[in-house]
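An overview of the molecular structure
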Amino acid sequence: MITNRDIISITEKYGSPLYLYDGDLILEKYRELYSFFPWRKMKIMYAMKANYNPAILTLLEQNNAYIDAVSPAEVMLAKKVGFSSERLLYTANNMTDDEMYEVKKEGVLFNIGSNSRLEKYGRAFPGSEICLRFNTDIVAGANEKIQTAGALTKFGLIMSDINVIKKILKRYNLKVVGLHVHTGSGIKNTQKFIESAETLLSMGKREDFPELEFIDFGGGFYVNYNPDNITKIDYYDFGRKLSDIFSDFCKNYGKELEMRFEPGKYIVAEAGHLITQVNTLKNNRNRLIAGTDSGFPQLIRPTMYDAYHHILNISNPDGEPHHYDIAGNICETGDCFAVQRKIPEIRENDILSIETAGAYCYSMGGIYNLRPMPPEVIVVNGKDKLTNKRISSSELAENIYNRLEN
Ligand SMILES: Cc1ncc(COP(=O)(O)O)c(C=O)c1O
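Residues numbered from 1 in each chain as written. Predicted model: local features only at pLDDT ≥ 70, side-chain atom pairs only at ≥ 80, totals over all residues.

**A short note on the overall build of the chain**
In terms of regular secondary structure, the chain is built from 12 helices and 18 strands. Against the compact-globule benchmark of 22 Å for 406 residues, the chain has a radius of gyration of 23 Å, which places it among compact chains. A principal-axis box enclosing the C-alpha atoms of the chain has dimensions of 70 × 55 × 40 Å. (Helix = DSSP H or I, 4+ residues; strand = E, 2+ residues; numbered from the N terminus. Rg over C-alpha atoms; globule rule 2.2 N^0.38 Å.)

Below is the structure:
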């Protein structure tokens, strides 16, 4: 566990702002997922879009994880880290033909979610194995932007198109080895997760898909971001229920299939902290604003999804609480990590930790206003290691200027 004292000493060593990851917690959450499901043939495919830091990928690689990748570069990075092609599933949407050929060379299994791509893939690679991604029409997830089934989403094959799909499969002699759904991210209601799984399984008829090897139920395991408003989810109960349903399915199908999940958030979210230092305190007519050395391009979830991230005052945890806007250094009014949040008294130079920042934070980051992304440090077995060094403003300016050369 990373303590306040660790955060202070690591920040003194590497500076602020800084992404800090607890590698031991990542492994604990990853292993916990296996323990939820009393099913022998299980695979946890880490959704690396949540955080592609190579030290995190290496930790998971060394612990026999599998990968869900969504772009050619994700596939290539996972392979560089040591994941063999067989340990990857490629779930891109709206891919170009060039990308399809590029990734096919990497030897990974494609997970296809549109009739158009299925046709093009079949024409290009007849006789190959594929996985089919379906839209189960079960809508769940923390907010509309991360719900990935139903009438409003671009994802997945439409179940009622099954006859068209079967014709394409037949035309190109494609072998369907897996069925897939990703219902959404941050699913609080496990019943919805189960309904989506059951709907997907209802598509798994032996006469339609005689060569199935696995069913992939996607990601979406819920993570608590606000310690003052915890939703307890009994994932052991969920795991038992789903395994029973899966067992019945496999009996009917006549073969013990592999059960797969693709969690991102659950594995890495809680392990991450964005450390930022307050440099400017302002009282805008009774509204206290703490200005920090980070900003929304470095952690976009509050601005993009109105997401809550808990914020700790590491330097003054016992200070008298006041309400603050925690603002960044970007030229936008919406550049706020929290609005009127009650936090122990903040003084200039205090170190804040923006919590639960391991998933979709660094990986969704950018350099708007030409602020370099923070460095990243991982702690494993009590030892800190820099996994991505700080880029100075002059290096960033130089990099951008050098584009003139190309
Ligand atoms: C296809 C797919 N699988 C898995 C995930 C991981 O979801 P989560 O991080 O909520 O577990 C996502 C997230 O967007 C996804 O699109």
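Further notes follow.
**What to know about the site of the ligand**
Around the ligand, 18 residues are found, and the nearest of them are Ala47, Ser185, Gly219, Gly264 and Lys265. For the shell around the ligand, a count of residues per class yields six nonpolar, nine polar and three charged. (Near = placed C-beta within 6 Å. Nonpolar A, V, L, I, M, F, W, Y, C, P; charged D, E, K, R; others polar.)

**Some remarks on the domain arrangement of the chain**
Splitting the chain by domain gives domain 1 (23-268) and domain 2 (270-390). Here the C-alpha centroids of domain 1 and domain 2 sit 32 Å apart. Contact with domain 1, which involves 23 residues of that partner, is made by 22 residues of domain 2. Counting only elements with at least two residues in the side of domain 1 that touches domain 2, the list comes to helix H2 (23-36), helix H3 (54-62) and helix H10 (265-268). No other element matches the five residues that H2 contributes to the side of domain 1 that touches domain 2. (Domains from an automatic or database assignment. Contact = placed C-beta atoms within 7 Å.)

**Regarding the pairing of strand E2 (residues 42-47)**
Inspection of the sheet shows E2 paired to strand E10 (residues 258-261) by three bridges, in the parallel sense. What sits directly across from isoleucine 44, in E10, is phenylalanine 261. Sheet topology places E2 next to strand E3 (residues 66-69); three bridges connect them, and they run parallel. Across the sheet, residue alanine 47 finds its bridge partner in E3, namely aspartate 68. Handedness of the crossover joining E2 and E3 through H3 is recorded here as right-handed. (Pairing = 2+ DSSP bridges. Right-handed = clockwise from strand over helix to strand, strands pointing away.)

**Section: the nonpolar core**
With 97 residues, the main nonpolar core has Tyr46, Ile67, Leu88 and Tyr90 as its most contacted residues. Counting residues domain by domain, this core receives three or more from each of domain 1 (23-268) and domain 2 (270-390). Residues within four places of tyrosine 46 in sequence aside, it is in contact with Leu60, Ala65, Ile67, Asp68, Gly264 and Ile267. (Core = buried A, V, L, I, M, F, W, Y, C linked by C-beta atoms within 7 Å. Buried ≥ 20, exposed ≤ 12 C-beta atoms within 10 Å, placed from the backbone.)

**Structural notes on the environment of leucine 27**
Tracing the backbone through its elements, the reader meets leucine 27 in helix H2. Residue leucine 27 is classed as partly exposed on the basis of its 19 C-beta neighbours within 10 Å. Each C-alpha atom, one on leucine 27 and one on isoleucine 267, is 7.6 Å from the other, the two residues being 240 residues apart in sequence. Among all residues touching leucine 27, those that are not within four sequence positions of it are Leu59 and Asn63.

**Re the pairing of strand E17 (residues 376-380)**
For strand E1 (residues 18-22) and E17, the ladder comprises four bridges, and the chain directions are parallel. Each residue of the ladder has a partner; that of tyrosine 21, found in E17, is isoleucine 378. The pairing of E17 with strand E18 (residues 383-388) spans five bridges and is classified as antiparallel. Looking at E18, one finds that valine 377 is bridged to leucine 386. Linking E17 back to E18 in an antiparallel pair, the connection comprises two residues, with asparagine 381 at a positive phi of about 50°.

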